[in-house]
Amino acid sequence: MTVKHFILSLTAMMMLLASCGTTTDETALYDKGVSLELAQLRKAQFKDIRYNLFFSIPDSKDKDISASSVITLTLDKVQPVIIDFAADSSNVISVSVDGKDAEYEVKDEHIIVAENSVKAGVNNIKVVFTADDQSLNRRDDFMYTLLVPDRARTLFPCFDQPDLKARFSLKLEIPEEWDAVANGKALKTDSTDGRKSIVFAETEPLSTYLFSFVVGKMFSQEFTKDGRTIVIYHRETDPKKVAQCSDIADEVFYDIRWAEDYTGIPYPFAKYDLIIVPGFQFGGMEHVGATLYNDSRMFLNENPTLSEQLERSVLIAHETTHMWFGDLVTMKWFDDVWTKEVFANFYGSMIAEPHFPGVNHRLNFMLDYIPSAYSEDRTQGTNTIKQQLDNLNNAGLMYGYIIYKKSPVVMNMLYKMMGGEAFRKGMQEYLKTYSYGNATWEDLITILDKYTERDLQKWSHVWCHEKGMPEISASVNGSTLTVRQKDAWNRGLCWPQDVKYAVVSENHTDTVTVELSMDNAETSVKLPHEADRDAFIIPNTDGAGYGFFRISENETDRLFDVLLHSNDELLRGSLLITLNENLLNHVVSPDVFMKSMLEYVRGEKNELLYSSAMGYINNCNRLFPAENPTAMEDALWDMMKSEKQPQRALQAFRTYRSTASSEKAVKNLYDVWNTQKSPAACSLSEGDYIKTSFKLAILMPEKAEFITDTQLKRITNPDRKSEYAFLIPSVSPDKAVRDSVFQSLLDVKNRTIEPWASSALSNLNNAYRQNEAVKYITPALEEIQEIQSTGDIFFPGTWAWSLLYYHTSPAAANEVKTFFKNHPDYPELLKNKILQRADHLYRIE
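Residues numbered from 1 in each chain as written. Predicted model: local features only at pLDDT ≥ 70, side-chain atom pairs only at ≥ 80, totals over all residues. Heavy atoms only, no water.

Caption draft 1: Expanded view of the packing of helix α9 (residues 361–377) against helix α17 (residues 607–623). Across the interface, α9 lies against α17 with an axial gap of 10 Å and an inter-helix angle of 25°. Relative to α17, the element α9 lies roughly parallel. Taken together, the residues of α17 that come into contact with α9 (itself represented by L363, N364, L367 and P371) are L608, L609, S612 and Y616. Here the residues of the contact of α9 with α17 sort into six nonpolar, two polar and no charged. (Axes fitted to C-alpha atoms, helices over the stretch in contact; angles between N-to-C directions. Helix = DSSP H or I, 4+ residues; strand = E, 2+ residues; numbered from the N terminus. Parallel < 35°, antiparallel > 145°, perpendicular 65-115°, else oblique. Contact = heavy atoms within 4.5 Å. Nonpolar A, V, L, I, M, F, W, Y, C, P; charged D, E, K, R; others polar.)

Caption draft 2: Up close: the environment of Q161. By the element assignment, Q161 lies in the loop between α3 (152–155) and β11 (167–175). Once the C-alpha coordinates of Q161 and L579 are considered, the two residues, 418 residues apart in sequence, prove to be 44 Å apart. If we ignore the near neighbours within four places in the chain, the residues touching Q161 are V34, L38, A39, R42, K43, T208 and L392. Polar contacts involving the side chain of Q161 include one to the side chain of R42, which spans 3.0 Å. (Polar contact = N/O pair within 3.5 Å; in protein donor to acceptor, adjacent residues only side chain to side chain.)

Caption draft 3: Inspection of helix α21 (residues 686–699) at higher detail. Helix length check: α21 (14 residues) gives 20 Å between terminal C-alpha atoms against 20 Å at 1.5 Å per residue, within 8%. Inspection of α21 places D688, Y689, I690, T692, S693, F694, K695, L696, A697 and I698 among the buried residues, and these make up the whole buried set. Elements that come into contact with the buried residues of α21 comprise α19 (646–659), α20 (663–675), α22 (704–714), α23 (718–727) and α25 (754–764). (Expected span 1.5 Å × (residues − 1). Buried < 20%, exposed > 50% of the residue type's maximum accessible area, 1.4 Å probe, protein only.)

Caption draft 4: Focus on the environment of H823. With respect to the helices and strands, the residue H823 is situated in the loop between α29 (810–822) and α30 (828–843). Under the relative-accessibility criterion, H823 is labelled partly exposed at 23%. Between the C-alpha atoms of H823 and E782, which are 41 residues apart in sequence, the distance is 9.7 Å. Of note is the side chain of H823, whose polar atom sits 3.3 Å from the side chain of E782.

Caption draft 5: Layout of the packing of aromatic side chains. In the structure shown here, the tally under the stated rule is 50 aromatic pairs. Geometrically, the ring pair formed by Y51 and F156 is edge-to-face, given 5.8 Å between the ring centres and 75° between the ring planes. You can see Y51 sitting in strand β1 (residues 46–56) and its partner F156 sitting in the loop between α3 and β11, a full 105 residues away along the chain. Among the residues examined, F156 registers a relative accessible area of 0% and is labelled buried. Consider the rings of Y51 and F168, whose centres lie 4.9 Å apart with planes at 20°: the pair is stacked. Taken as a pair, Y51 in strand β1 and F168 in strand β11 lie far apart in primary sequence, 117 residues in all. Judged by relative accessible area, Y51 falls into the buried class, the value being 1%. Members of the aromatic cluster, joined through ring pairs, are Y51, F55, F85, F129, F156, F168, F211 and F213. (Phe/Tyr/Trp six-rings, centres within 6.5 Å; stacked < 30°, edge-to-face > 60°.)

Caption draft 6: Local environment of empty space enclosed by the protein. Inspection of the entire model under this criterion finds seven cavities of 30 Å³ or more. Looking at the largest cavity, its volume works out to about 80 Å³. If you go around the largest cavity, you meet 14 residues; those closest to its centre are R151, N393, G396, L397 and Q788. Class assignment for the residues of the lining of the largest cavity results in six nonpolar, five polar and three charged. The volume enclosed by the second largest cavity comes to roughly 60 Å³. (1 Å grid on protein atoms, 1.4 Å probe; cavity = no way out; pocket = protein on both sides within 12 Å on 5 of 7 lines; lining within 4 Å. Points joined across faces, edges and corners; volume = space filled by probe spheres on them.)

Caption draft 7: Broad picture of the side chain of T452. As for its placement among the helices and strands, T452 is situated in the loop between α12 (441–448) and α13 (456–464). Residue T452 is classed as buried on the basis of its relative accessible area of 16%. Looking at T452, its side chain comes within polar contact range of the main-chain nitrogen of R454, at 3.2 Å.

Caption draft 8: Representation of the sheet that holds strand β24 (residues 480–487). Spatially, the four strands line up as an open sheet ordered β27-β24-β23-β29, and their pairing is mixed. Edge positions in the sheet fall to β27 (522–526) and β29 (548–549), since each has one partner strand and no second. One ladder, built from five bridges, connects β24 with β27; its direction is antiparallel. What sits directly across from R484, in β27, is E522. (Pairing = 2+ DSSP bridges.)

Caption draft 9: Fine view of the nonpolar core. In terms of nonpolar packing, the biggest core is built from 277 residues, with F55, F156, F213 and F423 touching the most fellow members. Beyond its immediate chain neighbours, meaning those up to four positions away, F423 contacts Y262, F343, F346, Y347, M411, L414, Y415, M418 and L448. With six residues, the next largest nonpolar core counts L29, L38, I82 and I112 among its residues. (Core = buried A, V, L, I, M, F, W, Y, C linked by side-chain atoms within 4.5 Å.)

Caption draft 10: Quick look at the pairing of strand β15 (residues 213–216). The side-chain alternation of β15 yields two buried faces, one formed by F213 and V215 and the other by V214 and G216. Across three bridges, the pairing between strand β10 (residues 142–144) and β15 is antiparallel. Looking at β15, one finds that M143 is bridged to V215.

Caption draft 11: Region of interest: the sheet that holds strand β6 (residues 104–107). Across the sheet, three strands lie side by side as β3-β7-β6; this open sheet has antiparallel pairing. Every interior strand has two partners, whereas the edge strands, β3 (81–84) and β6, have only one. This sheet shows a mean twist of 20° between the axes of neighbouring strands, independent of strand direction. Relative to strand β7 (residues 110–113), β6 runs antiparallel, the two being bridged by four bridges. In the strand pairing of β7, Y104 is matched with V113. Packing of helix α2 (residues 36–45) onto the sheet brings it into contact with β3 and β7, and relative to β3 it is tilted by some 120°.

This is the structure:
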């Protein structure tokens, strides 16, 4: 077929789409990745898609994987079929349609099947190929796929867009001693000549990013409750950790029942198995029937902190919620990826509450979501919740704390505006309307609008379609409290929300709720009493408001006094956040902040607040280190030694380890590590000793080899042993060795296990070696576009974080500024990731 013939065919399709009210940029159809134009064209033209996949997996990660994909689809009319396949053209061995060789071209990450090789109606397109390794996560005796958001096309030929859901059939051929898990149930297993083949049942309609399988040497445990069976697969060897599988299974069973009751929809898929993966890139991934979890998040150490326990429960609930929000109903395009993550987090937090009846869950919600959301929303790299996306090759850059942390805060506002029951009815209608299909945020808002008199469209525009957050200040004059909003981006925006204030006078305290308007930057309310001339204002007393609550310098001491003496946990949590934000905005001095926090944390009995305070102490020391740190170190050591509660003692030790730099503190750490005896009521885990060994190897270069060799011998689990061995050179006292490690990380082959690569980069840029590491900043930033292309969704941000987190020098800030000056047209989405991670460098200059 000639190029002219091909273009004419596509032009005919453009005309057809135009007649249906759709406009398409013809040239974008051929772009690398999956353009919005291509996705819209295929959605209009392709129907009833099925995949029948086969992979023959060898016993060595260095050998090729032979594979085939049979794509069944119905075409309304004869036309070229553009299939996504982001592998080298040599990986495509043959293409046939209905058993006959087809005319095709492999170009710009697509296989283009000629129109004269297909017909109107049902077509069976078979591609025989060699699978690309990019998304296979191959190790010596273990492998798992991870295809979110647009990586299915790196593994097999497909239509890699979320709104072309399909049914998947799968056959795997693997070494006989390996196990396999996939989306569907295993129907048949045959073994011969040291190999076995497994045929899996066809799935329900799934988006391509949800297709998954895991193969390798694994342990498994089966659990049954109320007629439902789940299997947990893992590679853990520690019996105490393996024993936690029953607790994990119980939570999964509970979470499924909760979601069924809340949504009114029975579990919508054939099975729920989970695989706990060592060194997994994410906390979890909601593959239908084969959900993946990170081992360090699931298998907790002895005496875990309350925060660690809560995080595991919320994670399990998050991934389980995804079965309804994300898997059953999926976003139409990845600009709405936040719609699956917001509900997974929002409902995940709600589902986990009964597991912890003694916890203040309003406080936990505040501490879990708001500080993390601020960490990106306060920066020059912030973004809207719903972002613009022209091509799925940028879909991974949609992810971040704005969609994971800010959006649940915004959703909680909507939940309270509508009322719980009305919100639930709207969500039930949404799920039933779009089951096994796709929807947009606008589709959901249209449904929710029926259950409230509020103008949700206007509300949604400010909170979801505009970036940033308000700066909110308040003043009192007599009996009038005035609250002002300021838009840091000078757009004149106002954010509607209810914020609670307390005005404290000598003999009385007035508490009021201020309804901030969407239309006016200034809102005034009458107080029950006239305020004293020296009255002070406590903003956001329940922590439900969102924004930078600027305080005045003369209020700092009095707000810290409230923090010390208030019995209100929500107020103390909100003040912690507010005071920290004012530290970062140079309203509160570092010396005052550190001194006050050390005094406060000694008396804080709430474990969540204690943990947050320790985090703020650590961060203040990182950004604004004192010339003489011994006072802080001694205070933390004394707190740890005197603490009787194991979890609190453990958090005090970890903060001490992070901040220790004096000779005395380093010696204390070494004695703890060398004797393997905890200095307090806590029990230190293997992970604690590993982190301590790396810190000591950096601060005690003369003992580095002994420390790392000894720690390596202590580790028994083969996966953790391999990880530690990988990281040892990154803490070497030899600068040449560290330079060689950095150079190796610029090679994609050495970033195969991304958490290991990130840890190595972080070690190289440790605070105590930051002056020597400044030279790494520019070449590492230069690599981020390649990181985006070859890595998973969080890797660009994690890479930038590992690179910049410990740097605090003007030289480091200058490296970042010079990088952007030399790259004026740097892609905006990637630029935002760097700016988010470099924000502290601009603030502490």
